[in-house]
Structures are given as C-alpha cells and as structure tokens.
Amino acid sequence: MKVAVIGAGAAGLVSGREFRDAGHDVRLFEQGKRLGGIWAYESQVEDDLLGLSPTTPIYSSIYDNLRTNLPTDLMAFMDYPFDEDGGGRSDWPRYPPHSCVLTYLENFARNFELESLITFESKVESVESEQAGQSWRVSTSQGEIVHFDVVAVCNGHFSKPRLLQIEGAEKFTGPRIHSHNYRRPDAFAGQRVAVIGTGASGADIVQEVARHAKEVIWCGFEEPSPRRSVWCLPLPDRIDATHLYFTDPGQSVAVDSILYCTGYEYQMPFLDDALVQVQDNFVTPLYRDIVAPAWTRLGLIGLPFLVVPFPLYAMQAKWFAAVVDGRIQLPSADEMLALAQAEKQALRNAGVKQRHLHRLGERQEDYYNALARDCGEPLLPLWFSELAREAQESRQRNPAGFRDEPLSIPRHKPLAG
Ligand code: FAD
C-alpha cells in the first residue's frame, strides 16, 4: 500500500520505519528543512513573541540550555539505544543536552535508511478522503497532489502556543513571551519577571531565569510562598501596563516581562472536521487514541502526553500498521465509538478535564500494554516501569538538580532485554 507520513519528528520517523518494514511504499512529508521535529533547535524567535500569529512561524519550542527531562535509557526506542550500539554515545550524560537527541534521531534515520523517504520543505496542506476513506488525496505546499491508501499524522503538538487569558494582559507594556519563543535566560538579566504556569517547562525555565533575573514571580500556585528570589503566587486576576494584581493575597506586583509557560494546543489544520476534531484540546473521536472509528486508514501517532514518548510512539505505529495490514481485527465502527466514548466519560467522571484527556501519566503503562497485547508484542518490561518511577520521584524531589543526581538503577542497555 502507499502510505503518507506527515512529519519527520520522532513519531514520523518511527512510523515510516514501521510501515516500510511491513512492506509498504512510504513517503514522509516534512515542512521544515531538517528532520527531528521539536529537537531541531532554532536560535531565532518569531516576530510575535506570543506565537499567536507570527509572520514566519518557527517550529521548534526548545531552548538553548534544554537538557532532557528523562534519562536516555528510558527515552530511547526499545531496539535502538542512546549509546554506540544505537544512535548515541555512552559518554553522553544520562540527561543530555537537546543536541544529543537530534543526533540520535538523525542517526536513527540514517541507520534505518529513512532519509530517502523524506520530502523536505513540503507542508501537507490538506488530506481528503476518497472512496469513503479507502484512499486519501494529499496536497502539499509544493503543489503536489498525491493519492495514498493510508495516512499517518505525526505532526507534533508542542508548537502552537496556548495562552491563558488574564483580564487586561494586552495592556501590559513590557514584553509578553510564550515559552515557544523563549531561548536564553540572560535576556532577563536584572529584570523582575512573571512566569505564568507551573508545568514541566515552567519549572525548568524558572530555575534558569532566576539565575539572571532580579526577581521571579512564579504564578499558578494554590498556596503563596514567602517572598524570595523566586516568589510563588496564585494566578493574577488582572494585569495592567506595569503590574499584576492578585485578590488573594490582595496585592499588586510590578514586573518588567511576562513569560507564559502555559502549554500548547493540538492542531491539524489539514484535516477536515468531518474526520476528527480538536475540542478544547481533545482530539475526537478516536479509538485507542489513534484511529477514528469511521476512518481506520487514517492514524494519529503521538497524541498522548505526560508519557515516555519514543517507545510509546513506536508501539502506536506498530499497532496502526497491524490494523492496516489486517493483523489486528478492530471492533465495528459503532463499537469503537462507544468504547472510546465510555472510556473518556469515565475519565471525565473521575474529574479529568477535557483538555487533559490525552494526558496519560500513570495510565501510560496500561495503554502501552493494551496496544502491545493487540499486536502480540512483549509488554513493557519491569526495568522500564521501575526506572520511570525512580526518574519521576527524582524529578519531583529535586526539580532544580535531578539531572545531575545519580539514579540508583544503573544505566539500562535496552538490547540486553
Ligand atoms: P515533533 O517533534 O513536534 O515533530 C513533528 C514534525 O511534523 C515536525 O518536524 C514538523 O515540522 C512536522 N509537521 C507539522 N505539521 C506538518 C505539515 N502540515 N506538513 C509537514 N510536516 C509537518 N520528550 C522526551 O522524550 N524527553 C524530553 O526530555 C522531552 N523534553 C521536551 C521539552 C520540551 C520543551 C518539549 C516541547 C517537548 C519535550 N519532549 C520530550 C516531548 C517531545 O515532543 C517528544 O520527545 C517528541 O520529540 C515529539 O515527537 P513528534 O514526532 O510527535 O513531534
């Protein structure tokens, strides 16, 4: 079959490999000049620092000093380690800088002969169903129109900034920057900086900005902390030209810049709403978070977040390829829809916000194993779960220094089993 893969990041590369190895005729479309997706660091930033309507969008959201927040032995594709047996080096730190991840992905593409499958600077602009989803008409920015039997959407979801609306924020006269356009902490030297958002990026960026700024006001906490060089406060209720205003604890704070670490949104502008929709950052309807019940030759690889992405994406790609080849028999479209709805409703009933429905966290092991069982593949090994747990505890215990703290579990070599 002819398979189109949209994107040459980690998800696209592993999907391309999976389908090619299953004997299909694969093409990867990549809008950028390089493979690697988010890991292809770009030092320049957009003209709209909030990233909402830049003249020339920049894809990557990573910053200069970024080191991985997962140890490489966890991060790696299961059969391609981050050392000399795979695409890395054993003298790299266990939490290496972003450039090492790009090298690893470039080596992955080279080693598995994927580069020749990629068409660069070719942005997919539309994917339309033909013959009720038995075939797909793919149009690109290069003016190509190509017909495929299968489409794997691997377009990433850390590039379109999500902005928290705060009353009056547009009146602020200093710079307002989304973390998508944050690159270096020295840009904030001597400033009072408000950082909004307490997720993974917020936690990392606060640490490095605090080393240069005069003061950091970190907003998004339930309980305010005493005033120090990093001062934790709730979200502001209001912002004006120069100040953030807090009803609780009833004060105002002057700042020079506002840095939004408020996350990203899914976007699939090339897909018609009749196929799948993004509703409050939840992509629906999808069975197993991969295929739409009515369009099982269209697969979305890489949607789950708060996961160990590379091995999970590899299993999703394996599952999707097995569905396409008929090695996995899916329930009927109506049954898949009902199952997907029931699963999401149970999460909603348990208090999960709609925009967090793709957040797997603790559920990632069950999710991975469900796909593995369908495919007849080995379940997640014990070492993996144990290392994931220890890495998470270490990150929570020491957010500023976990990357340089040794883990008690020795570095794992995936090929050793
Ligand atoms: P991406 O890497 O985003 O790749 C998507 C690709 O699709 C891009 O190359 C893009 O140009 C292309 N594309 C998009 N739309 C189109 C189109 N219409 N046509 C053609 N091409 C298109 N993960 C870890 O494992 N460890 C970490 O330490 C870690 N740190 C992170 C830190 C930050 C700040 C962020 C934002 C993410 C981090 N991640 C980390 C998660 C990271 O996103 C995943 O590791 C992974 O790289 C995502 O791969 P992907 O292929 O799904 O998406």
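Data block above holds the structure.
Residues numbered from 1 in each chain as written. Predicted model: local features only at pLDDT ≥ 70, side-chain atom pairs only at ≥ 80, totals over all residues. Heavy atoms only, no water.

K.L.:
Could you give an account of the side chain of Ser 126, with specific residues and numbers?
P.N.:
Topologically, Ser 126 is positioned in strand 4 (residues 124–130). Taking relative accessible area as the criterion, Ser 126 reaches 19% and is therefore assigned buried. One polar contact links Ser 126 to Glu 128, side chain to side chain, over a distance of 3.4 Å. Residues within four places of Ser 126 in sequence aside, it is in contact with Arg 137, Val 138, Ser 139 and Phe 270. (Helix = DSSP H or I, 4+ residues; strand = E, 2+ residues; numbered from the N terminus. Buried < 20%, exposed > 50% of the residue type's maximum accessible area, 1.4 Å probe, protein only. Polar contact = N/O pair within 3.5 Å; in protein donor to acceptor, adjacent residues only side chain to side chain. Contact = heavy atoms within 4.5 Å.)

K.L.:
Can you lay out the pairing of strand 15 (residues 251–254) for me, pointing to particular residues and giving the numbers?
P.N.:
Along any regular strand, the residues point their side chains to alternate faces of the sheet. Pairing geometry for strand 14 (residues 243–246) and strand 15, over four bridges, is antiparallel. Bridging from a neighbouring strand, Leu 244 pairs with Val 253 of strand 15. Counting the residues between successive antiparallel strands, the hairpin from strand 14 to strand 15 contains four residues, one of them, Gly 250, with a positive phi of roughly 65 degrees. (Pairing = 2+ DSSP bridges.)

K.L.:
A description of the site of the ligand should follow, citing residues and the corresponding values.
P.N.:
Around the ligand, the surrounding shell holds 29 residues, and the nearest of these are Glu 30, Ile 38, Trp 39, Tyr 59 and Asn 69. Between an oxygen atom of the ligand and a main-chain N or O atom of Ile 38, the distance comes to 2.8 Å. Protein contacts shield 94% of the accessible area of the ligand, which totals 990 Å² for the unbound molecule. Secondary-structure elements contributing two or more residues to the shell around the ligand are helix 1 (10–21) and helix 5 (309–324). Here the element with the most residues in the shell around the ligand is helix 5; it accounts for three residues. In the shell around the ligand, the residues fall into 17 nonpolar, ten polar and two charged. (Near = heavy atom within 4 Å. Areas by Shrake-Rupley, 256 points an atom, 1.4 Å probe, with all protein chains shown as cover. Nonpolar A, V, L, I, M, F, W, Y, C, P; charged D, E, K, R; others polar.)

K.L.:
Tell me about the sheet that holds strand 15, and please be specific about residues and values.
P.N.:
By definition, the strands of a sheet pair up through backbone hydrogen bonds, in either a parallel or an antiparallel sense. If you trace the three strands from one edge of the open sheet to the other, you get 13-14-15, paired in antiparallel fashion. With partners counted over all chains shown, the strands left at the sheet margins are strand 13 (238–239) and strand 15, one partner each. Pairing of strand 13 with strand 14, which is carried by two bridges, proceeds in the antiparallel orientation. Along strand 14, the bridge assignment pairs Ile 239 with Leu 244.

K.L.:
I'd love a proper account of the sheet that holds strand 21 (residues 295–300), names of residues and values included.
P.N.:
Taken together, the six strands give an open sheet; going across it, the order is 3-2-1-7-21-20, and neighbouring strands pair in mixed fashion. Every interior strand has two partners, whereas the edge strands, strand 3 (118–119) and strand 20 (291–292), have only one. With two bridges connecting them, strand 2 (residues 25–29) and strand 3 associate as parallel partners. Among the inter-strand pairings, Leu 28 is bridged to a residue of strand 3, identified as Ile 118. Across the sheet, helix 1 lies against strand 1 (2–6), strand 2, strand 3 and strand 7 (150–153), angled at about 170 degrees from strand 2, the strand it touches most. Helix 5 contacts strand 7, strand 20 and strand 21 of the sheet and is inclined by roughly 165 degrees relative to strand 21. (Axes fitted to C-alpha atoms, helices over the stretch in contact; angles between N-to-C directions.)

K.L.:
Describe in detail the pattern of salt bridges, supporting the description with residues and values.
P.N.:
Summed over all chains, the structure comprises 21 salt bridges. With a shortest N-O distance of 2.8 Å, Arg 27 and Glu 144 are connected by a salt bridge. Linking Arg 27 in strand 2 with Glu 144 in the loop between strand 5 (135–140) and strand 6 (145–148), this pair joins segments that are 117 residues apart in sequence. Between Glu 128 and Arg 137 there is a salt bridge, with its nearest N and O atoms 3.5 Å apart. Its relative accessible area of 27% is what places Arg 137 among the partly exposed residues. Several salt bridges converge on common partners, so that one network encompasses Arg 17, Arg 20, Asp 21 and Asp 79. (Salt bridge = Lys/Arg side-chain N within 4 Å of Asp/Glu carboxyl O.)

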